[in-house]
Every structure is written in C-alpha cells, then in structure tokens.
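Structural features, examined
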Amino acid sequence: MAQGAGPASTTSLDDGIVATAETCLAAIHEAREAIHGVIFGQEKIVDLALVTILAGGHGLLVGLPGLAKTKLVETLGTVLGLDARRVQFTPDLMPSDILGTEILEEDAERRRSFRFVKGPVFTQLLMADEINRASPRTQSALLQAMQEHFVSVAGERHDLPRPFHVLATQNPIEQEGTYPLPEAQLDRFLLEIDVGYPDRAAERRILIETTGVEDARAKTVMNTEQLLTAQRLVRRLPVGDAVVDAILDLVRSARPEGGDPAIAKKLLWGPGPRASQALTLAVRARALIEGRVAPSVADVKALAEPVLKHRMAVTFAARADGETVTGLIGQLAAKL
C-alpha cells in the first residue's frame, strides 16, 4: 500500500496545482486589466510591478516626477485588496517615524507602562517615496523590515503583516541632498523598474481622461488571501532545466571574477546568488501574468535588465569608453 500511495498523491498534487493555476490566472488577468484601465501607456511597468508582488519581493521604481509612480502604487493596493500606505522620505526622517515607537502611559491607578505604537511600515504595501533622501540610519531600519519581515524596537520583535511589500521611488536626476542606497539594500529589491515617458497615444488618453469631471478609478479585484495563494503558486510552478541553465549562465557571466571574459574586465562588481533566486521567482511570476504555468528562456531575457541592473557596476574606464550596465546586460542576454 505504501508503494501505491506515491503516484496517487502526486497526481492529486498536480491536479491541485492545475486547479489553483486556473483560478489564479483568471484573477491575475482581471487585476492586470483593472490596473491598465487607470494607468495608461505603462503596460510594461505595470507588468513588472505585478511580477514583483507575485514573486513576493520589493521593487525600486526609478523615474522622473510626474510619471504616475505614486498613482501606480495606489492602484496596485486598491486592485489587489492590500492595505497601502505612503511615506515621503526626507533627510530628517527618523527610524521611529517608519517603524514606530514606545510611549509611556499611566492608567487610572497611576501605574505606568510602555505601549508600542506601530509606524507606517506595518502595512501590506508600503510606498517609500524618494527613498534615497533618507539618512543611512533610516534606510538601514527599513532594510531589516524588507529582509526579515519584522522589526525590532527596544529589544522586542514585532512581526509585519503578510504579505509585505515595499515599492520605493527614486529620482534619477536630482541627487542634491540625497544618500545613495548602499549595495546591500539595493540587492534586497527584486527588480529595478525604470519608468519612462508614455508614448503620444497614451499621453493623449491621459489628457482626455484625467482632466474631466471624473477620473478613472480603480476597483478591487483580488483580496489578500487570493494574492497569497498566487504567491504560493509561483513558488510551485515547474522550472525546466533549460531555464535554470539560462539563469545560471546569465548571472554567472555578469561577474568580474569567472564571468564572460569580454564583460568581466569592465565590471567593478556583479550579481550574487540572490540575483539568481530573484530571477527564478520573477520568470515564474511573468509566465503566470502572461497566462502560462511554466517559464521560458524568453522570460529570462525579458527580465535580465530589471533583475541585474542594480546589482552591477561598471569600471570608470568602461564608463569613459561609453559602456553602460544596460548595454552589457543586453550583450549577455543576447547570448542565451
């Protein structure tokens, strides 16, 4: 009987994955369309943001002001049924302004005790607006929350809600009065999402639909439990050997030591194993968004830049020769 139980349980598991996948695919498709109905002309950006959340990670949105980064995060929170909050990062922002603090209270019998007041980090979707304007001390406080999913205040552990995601924004032009994010924190972001200008048709639609009496409003499509189910499904999707080999070839070739000889000499540093993990999760999530239950090498190529861009740096000599991280990643992805 023990020998016969194996195949039966495997079949049941496969059937369960298929049934869950069908439900999740329908919900994700509806959520995607709902977001596109509010965010115009940024289809790729929307998809990358969804990839980030479905993969259970954090995203860094890099773009100029006025490109709907804040609107995107608000819309994601509404459509996915998440509790969302926004924090405007400034140089005088303290860790306690994000994490929370303990206050001393006195009851009717004059007994005193400390009570922890939770900060805005205790949410499911946190928008860290202009994250590079905060001091390194505040950035490090957020780093623990991003990595560990809990915070420590006065020696006490406080768990964050599930799911917990940070979508941070950064202005790539104005750097006066900013604190560049350390590499350790950049590595915690699953994707770096570059937000560019919309095309003419999309901008025309923006003009017409956002300057009238009523703006397009997002509707709630999913809830927390559905999102958690989708995130669990992402981790259960099969990844073929060809895709695993493509991920390893790409990440390992992007390192100054042991990487592609034509690229290695141009790099200061390259991605570590966390990049491989991020890419493995991201390609699964991208496949699910596009209605597939297994990723392909094409997904690896499509996500190479957002996964690797913030995990690499070129040498001064290479920059002087006109080389860029984006260009080098493109060369490596083309060889897959």
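In this report, we go over the structure that sits alongside the text. (Residues numbered from 1 in each chain as written. Predicted model: local features only at pLDDT ≥ 70, side-chain atom pairs only at ≥ 80, totals over all residues. Heavy atoms only, no water.)

Below, the discussion takes up unusual backbone geometry. For the bond from arginine 162 to proline 163, the omega torsion is -5°, close enough to zero to count as cis. Note that proline 163 resides in the loop between β7 (156-159) and β8 (165-170). Located in the positive-phi region is glutamate 130, a residue other than glycine, with phi close to 55°. The exposure class of glutamate 130 is partly exposed, given its relative accessible area of 22%. Despite not being glycine, histidine 149 shows a phi value in the positive range, around 65°. With respect to the helices, strands and loops of the structure, histidine 149 is situated in the loop between α5 (136-148) and β6 (150-153). (Helix = DSSP H or I, 4+ residues; strand = E, 2+ residues; numbered from the N terminus. Buried < 20%, exposed > 50% of the residue type's maximum accessible area, 1.4 Å probe, protein only.)

It is worth spelling out the layout of surface pockets at this point. Considering only enclosed or pocket space, the largest pocket measures out at about 570 Å³ in volume. Lining the largest pocket are 24 residues, and of these Ala55, Gly56, Gly57, His149 and Arg235 lie nearest its centre. Secondary-structure elements contributing two or more residues to the lining of the largest pocket are α5, α8 (224-236) and α11 (273-289). Split into classes, the residues belonging to the lining of the largest pocket amount to nine nonpolar, eight polar and seven charged. Volume-wise, the second largest pocket comes out at about 450 Å³. Lining the second largest pocket are 21 residues, and of these Leu60, Gln170, Leu186, Glu192 and His310 sit closest to its centre. For the lining of the second largest pocket, the secondary structure elements donating two or more residues are β1 (59-62), α6 (183-186) and β9 (191-194). (1 Å grid on protein atoms, 1.4 Å probe; cavity = no way out; pocket = protein on both sides within 12 Å on 5 of 7 lines; lining within 4 Å. Points joined across faces, edges and corners; volume = space filled by probe spheres on them. Nonpolar A, V, L, I, M, F, W, Y, C, P; charged D, E, K, R; others polar.)

The next thing to look at is α11. Counted at 1.5 Å a residue, the expected span for α11 with its 17 residues is 24 Å, and the 25 Å between its end C-alpha atoms agrees. Judged by how many residues are buried, α11 sits mostly within the fold: twelve of 17 residues are covered. Backbone geometry just downstream of α11 places glycine 291 in the positive-phi region, at approximately 85°. (Expected span 1.5 Å × (residues − 1).)

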